Amino acid sequence: MSSLSRELVFLILQFLDEEKFKETVHKLEQESGFYFNMKYFEDEVQNGNWEEVERYLSGFTKVDDNRYSMKIFFEIRKQKYLEALDRHDRSKAVDILVKDLKVFASFNEDLFKEITQLLTLENFRENEQLSKYGDTKSARSIMLVELKKLIEANPLFREKLQFPNLRNSRLRTLINQSLNWQHQLCKNPRPNPDIKTLFVDHSCGQPNGARAPSPANNPLFGGAVPKPGGFPPLGAHMVGPFQPAPAPVPTPLAGWMSSPPGGTHPSVSGGSIALGAPPMPAILKHPRTPPANLSIDFPPTDSEHSSKRARPLGISDEVNLPFPGHATHSQSFNTPDDLPKTVARTLNQGSSPMSMDFHPVQQTLLLVGTNVGDIGLWEVGLRERLVHKNFKVWDLSACSMPLQTALVKDPGVSVNRVIWSPDGSLFGVAYSRHLVQVFSYHGNEDLRHHLEIDAHVGGVNDLAFSLPNKQLCVITCGDDKLIKLWDAANGAKLYTFEGHEHPVYSVCPHHKENIQFIFSTALDGKIKAWLYDNQGSRVDFDAPGRWCTTMAYSTDGTRLFSCGTSKDGESHIVEWNESEGAVKRTYQGFRKRSLGVVQFDTTKNRYLAAGDDFSIKFWNMDNTQLLTSIDADGGLPASPRIRFNKDGSLLAVSANENGIKILANADGLRMLRTFENLTFDARSEAVKPVVNSVSAPTTERLSSAAISAVNAESRNLVDLKPRIPEETSDKSKIWKLTEIIEPSHFRSLKLPENQRVTKISRLIYTNSGTAILALASNAIHLLWKWQRPDRSSGKATASATPQLWQPSSGNLMTNDTVDSNPEEAVHCFALSKNDSYVMSASGGKISLFNMMTFKTMTTFMPPPPAATFLAFHPQDNNIIAIGMDDSSIQIYNVRIDEVKCKLKGHSKRITGLAFSHVLSVLVSSGADAQICIWNCDGWEKQRSRTLQLPPGRSISAQSETRVQFHQDQIHFLVVHETQLAIYEASKLECVNQWTSHEPYVPISHATFSCDSQLIYACFLDSSICVFTGVHLRLRCRISSTAYLPSSPSSNVHPLVIAAHPHEPNQFALGLSDGSVQVIEPLESEGKWGQPPPVENGTSTITIPSSNPLVGVGSTSDQPHR
């Protein structure tokens, strides 16, 4: 709409207001979106007319337009929900929760669960953050203050909050002026003309009685021709400015079309990203097809179905919706400090990098392909190139004759693309000549040939991995205008997609719900979408620039972007509106004529980055203006190649003179600093990926986690930090075990005590790392919270004393017991991932507690049998594995209060349970010293093995065997009073073992550090040992004299040990006297001792075994207990 048309709308608004057409005024304000009437909005909010409030807002913004808009809608719907609760109208509250607030679960699922919990309270003011909620009127007033700030800060409301300064009745004045001009043009003007209509131009009556011109020929409708001399008809001036808006171009995405019409798509500024999880990709169907109706149940526990909808449409960490209290506008919406901007490493590849990709798990492992066909594999933390391979055809005889001929004429080959498979066991290389090579990666420098495919005639321009039907596949595209799909196990061609009329430049596989599809772009700018079938392209539309374009989704898979450069050098990054198949927003800030094809990448569901104008440019996804630009200390090419690592802490950038610069943010610098402390390279002993070779059965076992990873949706899973090589000492120095015997040699803090507690039976940090939860032997739970001076949650540390916390109600979380002496019961608990609930038992019924109110939400499963171990399913908190004292394991669904399955395989009570979401298995351990592996799909037992006990040791009735998965979710730790052991889960093989030597002292408990690089173990003689995480080498020992009072009659010893979830060197002890201590190294040290060096020769085996074990026992010179 032209500016004059916009001004005409304002004139009409003024006229309607003056004529008291109040409803029409606001309807036009909303439909035009030109003027937001804050006074009207405030009145409607104060009156609680919520439907009209949202209808009016909808003319200016939608929920998902940006974070300001999201917070505006959230505050309104939250207030509506709280008012329904305050009226005790539960049915209305549930209706609001399902229809209005459910949309925010996609952005902050934990928040949605907290809001859902309010339904369980008699008065929502029992919630600590809502305790100051007053009456409805005051709450609305407080909310309005916040809403006004958000609206004023929202870029979508810019220039829409002020009505133009107009003279009264401006539209009437203009009409009168027009009539006067028309009257002047009359051939026989009368002194007092009688104006009876505005539908036609004014004309004083003609002597011959001629009729006024008909509307069809009226100049106001664009048909007049200026008369010679004098004033032309006013309509002639209006033909240009007031032309009617062109009819919208019909979208070609009308359903599942085999031959959709072509056409350019109009750019639109609004539109939804389909937050309702449509049953098929919105961009592949009719844009007006409504999303499926969503329903929700309200279980007594949090319903985190990440396996069913693993962050389906944007559970985005960046969106900080305020939990139900009133928000403060001082919160920062853009935090560019988390962008990697500091040059931390400079590498030299030897030839110019063309494509780069970080390993999906080992986040400092960088794969590089160059302009001469070389590939390199770098451990950027150590600044070391692990592998360098020149281009070579593996089997020339198997290549097509055109390829053989081309290589004879010109052997020069360039790499167009390198990319890792979802689990990092494979990587593919696309070359400029016909070929794709797939390597299998087995850790460190171990690369092996896996597949060589003569894929296309001409260059292979792009390569990607996908998992249709859980079958790992390779997608390629090339100069021959084709897209092909290959079986990653054997190289068999599965599909060929034809339809592009020019060379295919890029491919982008993705899925929405259960629909798998592939986007492709060609050098004519055409974008097509394909399903895994032979029915042709489903969509066909044009990318901005109409030349080299690549596409990518945000990390969570909810937002689609493309980046392209035209033949004239004009570059574009745009976000696509998937509901309309049109451009939603275009990002500004490129050089007017880019000097090469611009590459881009996304990270953190928040930022876009592109290499342009000898620099890296960053945008916030919600703002089209350039956020910042950096030159990485200079030396960049005109259009540098870029690639983020998985968590966005590192950014690889190609540089001049064959260089690569590694940029880092604060987290990335800390990660790289770990490598700088290394004095001996122990990478040769790092844990290798499980997939040693890809076969059909292997690819069939790929988990849903891998599917999420290939579709850029894997960040909702456990954040796998890089597998950092273990530290060892310089061989030229004599290694000495670090012994800590004085309190001054480390930091410790004894937490405030509860006098009723005599013994700590279970201990855990909350997942946020801001609190510690303990279960005492008298069935009472204790919660210590660290707080900052502003009363917000702080990080657990030995440098600050936490509060032994209780809600204002004075409730205690106390388990049900059946014995008069609960001290004799087996105690167990499990904490939900969002720290909202704890499931717990102490010999009686299992209790579910709300961690905020300490209220008992429900109890179930009265004994016998009694629960002895609890574990939440990693992808569905409504599913719990419950170990029983009758040796069974019950798979229980809390939502429907039903035992789904009962597993039998042990002969004594269950003492440990651990899930692996990667392998989709449950590992169980029992007092019978037996370990079992259960498949989570059908709950069948896959394998079992009995621990090998040292000679002369027998299984006691009280002995416990615990299991805990390594960070890689493939290996797990076994803790028994006689030993520590590392097992590989898929084969249930022991790969390392440490046993307590004479004099024998039982192990009371042990656990991995949060990064799995250390193991903390406590013993019944009160000592604490710190082992290396993989090889079980003792690196530090803390004597009881260092942290316990020196009382000869004291028999205090640690019973349980817990590791901080984010600080690898911090742990906590639960002691037999009811106290809890937090322990961490001195700041000057920063870590627990030095690991022993790896000696040449084999490790000694301390326990005979019928099956050979790899590295069993401790090295011969290892200090023994």
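Residues numbered from 1 in each chain as written. Predicted model: local features only at pLDDT ≥ 70, side-chain atom pairs only at ≥ 80, totals over all residues. Heavy atoms only, no water.

Asks: It is not clear to me how helix α8 (residues 136-153) should be interpreted in this structure. Could you clarify?
Replies: Here α8 is 18 residues long and its end C-alpha atoms lie 26 Å apart, about the 26 Å a rise of 1.5 Å per residue gives. Those residues of α8 not exposed but buried are Ala139, Arg140, Met143, Leu144, Glu146, Leu147, Leu150 and Ile151. Looking at the buried residues of α8, the elements they touch are α3 (38-46), α4 (50-58) and α5 (67-86). (Helix = DSSP H or I, 4+ residues; strand = E, 2+ residues; numbered from the N terminus. Expected span 1.5 Å × (residues − 1). Buried < 20%, exposed > 50% of the residue type's maximum accessible area, 1.4 Å probe, protein only. Contact = heavy atoms within 4.5 Å.)

Asks: I keep staring at helix α7 (residues 109-117) and nothing clicks. Help me out?
Replies: Along an α-helix, residues three or four positions apart point the same way, because every turn accommodates 3.6 residues. The element α7 is largely enclosed, with a buried count of 8 among its 9 residues. Those residues of α7 lying buried are Glu109, Leu111, Phe112, Lys113, Glu114, Ile115, Thr116 and Gln117. Residues of α7 that are buried sit in contact with α5, α6 (90-101), β36 (837-842) and β37 (846-850). Its side-chain oxygen placed 3.0 Å from the backbone nitrogen of leucine 111, asparagine 108 serves as the N-cap of α7. (Polar contact = N/O pair within 3.5 Å; in protein donor to acceptor, adjacent residues only side chain to side chain.)

Asks: Whenever I open this one, the pattern of salt bridges confuses me. Can you help?
Replies: Think of it this way: side chains of opposite charge can pair up when their charged atoms draw near. With the rule as written, the count across this model stands at 38 salt bridges. Two residues, arginine 909 and glutamate 960, come together in a salt bridge whose shortest N-O distance is 3.7 Å. One end of the pair, arginine 909, is in the loop between β42 (898-904) and β43 (910-916); the other, glutamate 960, is in the loop between β46 (941-946) and β47 (962-965), with 51 residues separating them in the sequence. The exposure class of arginine 909 is buried, given its relative accessible area of 14%. Residues glutamate 960 and arginine 962 are paired through a salt bridge, measuring 3.0 Å at the closest nitrogen-oxygen approach. Judged by its relative accessible area of 11%, arginine 962 is buried. (Salt bridge = Lys/Arg side-chain N within 4 Å of Asp/Glu carboxyl O.)

Asks: Which parts of the structure should I look at to understand the sheet that holds strand β12 (residues 483-487)?
Replies: Adjacent strands of a sheet pair through backbone hydrogen bonds, lying either parallel or antiparallel. Strand order in the open sheet made by the 4 strands is β10-β11-β12-β13, with antiparallel pairing throughout. Edge positions in the sheet fall to β10 (460-466) and β13 (493-497), since each has one partner strand and no second. Strand-to-strand twist in this sheet, taken as the mean axis angle between neighbours without regard to direction, amounts to 20°. (Pairing = 2+ DSSP bridges. Axes fitted to C-alpha atoms, helices over the stretch in contact; angles between N-to-C directions.)

Asks: For this particular structure, what's the right way to read the pairing of strand β40 (residues 876-884)?
Replies: Within a regular strand, the side chains alternate between the two sheet faces. Of all 9 residues that make up β40, 9 are buried, and the element is covered over most of its length. Pairing between strand β39 (residues 867-873) and β40: 6 bridges, direction antiparallel. Paired with phenylalanine 869 across the bridge in β40 is glycine 883. Counted between consecutive antiparallel strands, the loop separating β39 from β40 contains 2 residues. Pairing between β40 and strand β41 (residues 888-893): 5 bridges, direction antiparallel. Note that in β41 the partner of isoleucine 880 across the bridge is tyrosine 892. Following β40, the chain reverses through 3 residues before pairing antiparallel with β41; serine 887 in that reversal takes a positive phi of roughly 80°.

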